[in-house]
Amino acid sequence: MIAAPILWQPTPSEIEKSELSNFANWVKSHHGFDWRDKYRNLWSWSVEYPDLFWDSIWQWHGVIGRKGKRLLINRDKIPGAQFFPDSTLNFAENLLINADSQAALSSHHEDGAIETLTRRELKERVTALAGWMKSQGVVKGDRVAAYIPNIKQAVETMLAAASLGAIYSSCSPDFGFNGVFDRFSQIEPKLLVTVDGYFYAGKIISRVDVIRQLKEKLPSLVHILVHDYSGKAPDLVSEPKISLYSDALKHSPIEEYTPVKFNDPLYILYSSGTTGEPKCIVHSVGGTLLQHIKEHRLHSNITRNAPVFYFTTCGWMMWNWLVSSLAIQAKIVLFEGNPFYPGPERIWKMAEQEKLYLLGTSAKFIDASRKAGIYPGKIANLTELKVICSTGSPLNVEGFDFIYEHVKSNVQLASISGGTDIVSCFVLGCPIRPVYAGEIQCKGLGMDVIILSEQGLSLKGKQGELCCKSPFPSMPIGFWNDPDGSKYYSAYFEMFDNVWRHGD
């Protein structure tokens, strides 16, 4: 068999200065583990000692919260293991740290408009919105639903809900009534935050009628906030229990964040629903935070102020992944609309404009760019671009070749895979290892990934079931409306005893 060619590899200086090397050296000094510059050694340590590994992430990053003494209980039970069972923290507090004049986000709209917020401005808007939510009776454990495009109001709504210990769940407005109702009706939200319409390919798509239907069909709602995005909101706010989003931002801000437990719910995400009613997958506060910190800092080498972009809607878990990079004090870049409007160069020109450090997209988008015959490296200055992430489906060799021939030769291309089920990745990029054509760089730290046959035998070089042999913090808490956990168990643990079977 001919070995795949190396397409990129870091220099010794880049390896030494990487966040991953920084962390590994911290582990060496605190736990006496000498990784000797080999990722495989660090990975082996992380899965052999998951309690020490995830505790090291907490300490090295500086998570805000009370950690408690116990690091991991029921280690040998999947499901059943729990990380940091005595800890308390707040997700929004960790993302809104250092509310200074540095850029927090840049929101690009299809019509060319760009909105920006500093970290201070973002915190001010979030705490005011949280104050309004509190005035509507939102408390810890309540659900706040968002039917919204990928704009700054989505980020603010999530953080405001998390500030109060509420549970956030979102759907993209390209879902029709049935799609959004099938999801939100299961979780019985107290508040709905939405837009009157959205833009796609130069057209305005109204959502006024859908909002009225949701108001009628969701009796749990006490109020609806509408952002006047397309100029149709005045048709709605004259009705009872509907207000303008901008008015809510005038409310007195909350003075403190609500502390919650590490394993309390933060997000409800949804399965595709192609084989029945969408499953409501519940993800924890601490598990989401720690897993994303690990993936952003160690696997993507993101640092403070780095502009980070992922092409996503609010109905895909990569949106949740992107927003978490605020915890590293990176700048998140949002885009709403058709990425090929008015032309296929749109996203690549935005990468130049924002001086992106990381550009995340799908294998489908990369293939579409290739087939459109554009040469991003010639039409855009991508000097600052260091990492390209691809997910959603496997990236083929042609996709790798396109990136290195027509985008940038000196870039880390990370083909990543995980999913909604774990709101993170099982396999992803590694800034200290080479990139080979058609290959994923590594298993995630702390993720004891293995491929098994239907009989439970380990496979190499063959197709099989993607599995994980040990617990990890971003395992779902469970499914909503699954009181005995039977649906949750059936989805991931029925095939192999004490092993997560991804089934994707």
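Look above for the structure.
(A) Seen up close, the overall build of the chain. A count of helices and strands for the chain gives 18 helices and 30 strands. Taking 504 residues into account, the globule formula puts the C-alpha radius of gyration at 23 Å, and the chain, at 22 Å, falls close to it. Here the chain holds 504 residues, and 57% of them are scored as buried. Counted over contacts in the chain with a minimum sequence separation of 6, partners at least 24 positions apart contribute 71%. Element-wise, carbon and sulfur atoms account for 48% of the exposed surface of the chain, whose accessible area totals about 20,500 Å².

(B) Representation of the packing of aromatic side chains. Applying the stated criterion across every chain, the model contains 33 aromatic pairs. Ring centres 5.6 Å apart and planes at 65° place the aromatic pair Phe-479 and Tyr-488 in the edge-to-face group. Here Phe-479 and Tyr-488 have matching classes, each one buried. Taken together through their ring pairs, the aromatic side chains of Phe-23, Phe-33, Trp-45, Tyr-49, Phe-53, Trp-54, Trp-60 and Phe-83 make up a single cluster. The lysine or arginine in question, Arg-297, covers the ring of Trp-60, its NZ or CZ lying 3.8 Å from the ring centre. Lying over the aromatic face of Tyr-375, Lys-378 brings its terminal NZ or CZ to 5.5 Å of the ring centre.

(C) Up close: the sheet that holds strand 21 (residues 387-391). Ordered by their spatial adjacency, 7 strands build an open sheet running 7-6-19-18-20-21-22, and the pairing between neighbours is mixed. At either end of the open sheet lies a strand with only one pairing partner, and these are strand 7 (114-118) and strand 22 (412-415). The sheet shows a mean angle of 15° between the axes of neighbouring strands, direction not considered. Sheet topology places strand 21 next to strand 22; 4 bridges connect them, and they run parallel. Paired with Cys-389 across the strands is Ala-414, a residue of strand 22.

(D) Spotlight on a positive patch on the surface. Together, Arg-40, Lys-443, Lys-460 and Lys-469 make up a region of like positive charge exposed at the surface. Turning to its location among the elements, Lys-469 is positioned in the loop between strand 28 (465-468) and strand 29 (478-479). With relative accessibility at 43%, the residue Lys-469 sits in the partly exposed group.

(E) Representation of the environment of Lys-331. Structurally, Lys-331 is set in strand 19 (residues 331-336). A sequence separation of 228 residues divides Lys-331 from Ala-103, and the C-alpha atoms of the two residues are 5.9 Å apart. Setting aside its immediate chain neighbours within four residues, Lys-331 contacts Ala-103, Ala-104, Leu-105, Ser-106, Asn-305, Ala-306, Pro-307, Val-308 and Glu-354.

(F) Quick look at the pattern of salt bridges. Scanning the entire structure with this criterion turns up 19 salt bridges. Between Asp-34 and Arg-36 there is a salt bridge, with the nearest N and O atoms lying 3.8 Å from each other. What makes Arg-36 exposed here is its relative accessible area of 62%. Glu-352 is the salt-bridge partner of Lys-349, the closest N and O atoms lying 3.3 Å from each other. One end of the pair, Lys-349, and the other, Glu-352, are both in helix 14 (residues 346-354), 3 residues apart, so they sit about a helical turn from each other. Taking relative accessible area as the criterion, Glu-352 reaches 29% and is therefore assigned partly exposed. Put simply, Asp-209, Arg-212, Lys-215 and Glu-239 are held in one network by salt bridges that share partners.

(G) Local environment of the pairing of strand 7. Sheet topology places strand 6 (residues 103-109) next to strand 7; 5 bridges connect them, and they run antiparallel. Directly across from Ala-103, in strand 7, lies its bridge partner Thr-118. Between the antiparallel neighbours strand 6 and strand 7 lie 4 residues, among them Gly-112 with a positive phi of about 100°.

(H) Looking closely at the packing of helix 6 (residues 119-135) against helix 7 (residues 152-163). Between helix 6 and helix 7, the shortest axis-to-axis distance is 8 Å and the interhelical angle comes to 60°. Taken together, the axis directions place helix 6 and helix 7 in an arrangement best described as oblique. Like other packed secondary-structure pairs, helix 6 and helix 7 cross with a definite hand, here right-handed. For the pair formed by helix 6 and helix 7, the contact residues are Leu-122, Arg-125, Val-126, Leu-129, Ala-130 and Met-133 on the first element and Lys-152, Gln-153, Glu-156, Thr-157, Leu-159, Ala-160, Ala-161 and Ser-163 on the second. Each residue belonging to the contact of helix 6 with helix 7 can be placed in one class, and the counts come to 8 nonpolar, 3 polar and 3 charged.

(I) Representation of the packing of helix 3 (residues 39-48) against helix 4 (residues 50-61) in the model. Interhelical geometry of helix 3 versus helix 4 gives an angle of 110° and a closest axis separation of 5 Å. When the interaxial angle is binned, helix 3 and helix 4 end up roughly perpendicular. Where helix 3 abuts helix 4, its residues Trp-45, Ser-46, Val-47 and Glu-48 lie against Pro-50, Leu-52, Phe-53 and Ser-56. Tallied by class, residues from the contact of helix 3 with helix 4 come to 5 nonpolar, 2 polar and 1 charged.

(J) Focus on unusual backbone geometry. In this chain, Ile-78 is followed by Pro-79 through a cis amide linkage whose omega measures 0°. Here Pro-79 is to be found in the loop between strand 3 (72-73) and strand 4 (82-83). Residues Tyr-341 and Pro-342 are joined by a peptide bond in cis, for which omega reads 0°. Inspection of the secondary structure assignment puts Pro-342 in the loop between strand 19 and helix 14. If you check the backbone angles, Asn-98 has positive phi at about 55° while not being a glycine.

(K) Here's a closer look at helix 6. Taking 1.5 Å as the rise per residue, helix 6 with 17 residues should run 24 Å; its terminal C-alpha atoms sit 24 Å apart, in good agreement. Every buried residue of helix 6 is accounted for by Arg-119, Leu-122, Val-126, Thr-127, Ala-128, Leu-129, Ala-130, Gly-131, Trp-132 and Met-133. Note on helix 6: the residue one or two positions beyond its end, Gly-137, has a positive phi of about 90°.

(L) Geometry of the sheet that holds strand 28. Strand order in the open sheet formed by 3 strands is 27-28-30, and the pairing between neighbours is antiparallel. With one partner strand each, in any of the chains shown, strand 27 (449-452) and strand 30 (500-501) form the two edges of the open sheet. Where strand 27 meets strand 28, 4 bridges bridge the pair, whose relative direction is antiparallel. The residue of strand 28 that forms the bridge with Leu-452 is Glu-465.

How each quantity is defined
Residues numbered from 1 in each chain as written. Predicted model: local features only at pLDDT ≥ 70, side-chain atom pairs only at ≥ 80, totals over all residues. Heavy atoms only, no water. Helix = DSSP H or I, 4+ residues; strand = E, 2+ residues; numbered from the N terminus. Rg over C-alpha atoms; globule rule 2.2 N^0.38 Å. Buried < 20%, exposed > 50% of the residue type's maximum accessible area, 1.4 Å probe, protein only. Contact = heavy atoms within 4.5 Å. Areas by Shrake-Rupley, 256 points an atom, 1.4 Å probe, with all protein chains shown as cover. Phe/Tyr/Trp six-rings, centres within 6.5 Å; stacked < 30°, edge-to-face > 60°. Lys NZ or Arg CZ within 6 Å of the ring centre and 35° of its normal. Pairing = 2+ DSSP bridges. Axes fitted to C-alpha atoms, helices over the stretch in contact; angles between N-to-C directions. Patch = residues over 30% accessible without salt bridge, like charges linked within 9 Å, V, L, I, M, F, W, Y side chains within 5 Å. Salt bridge = Lys/Arg side-chain N within 4 Å of Asp/Glu carboxyl O. Lys, Arg positive; Asp, Glu negative; His and termini not counted. Charge placed at Lys NZ, Arg CZ, Asp CG, Glu CD. Parallel < 35°, antiparallel > 145°, perpendicular 65-115°, else oblique. Left-handed = near helix turned anticlockwise from the far one by under 90°. Nonpolar A, V, L, I, M, F, W, Y, C, P; charged D, E, K, R; others polar. Expected span 1.5 Å × (residues − 1).

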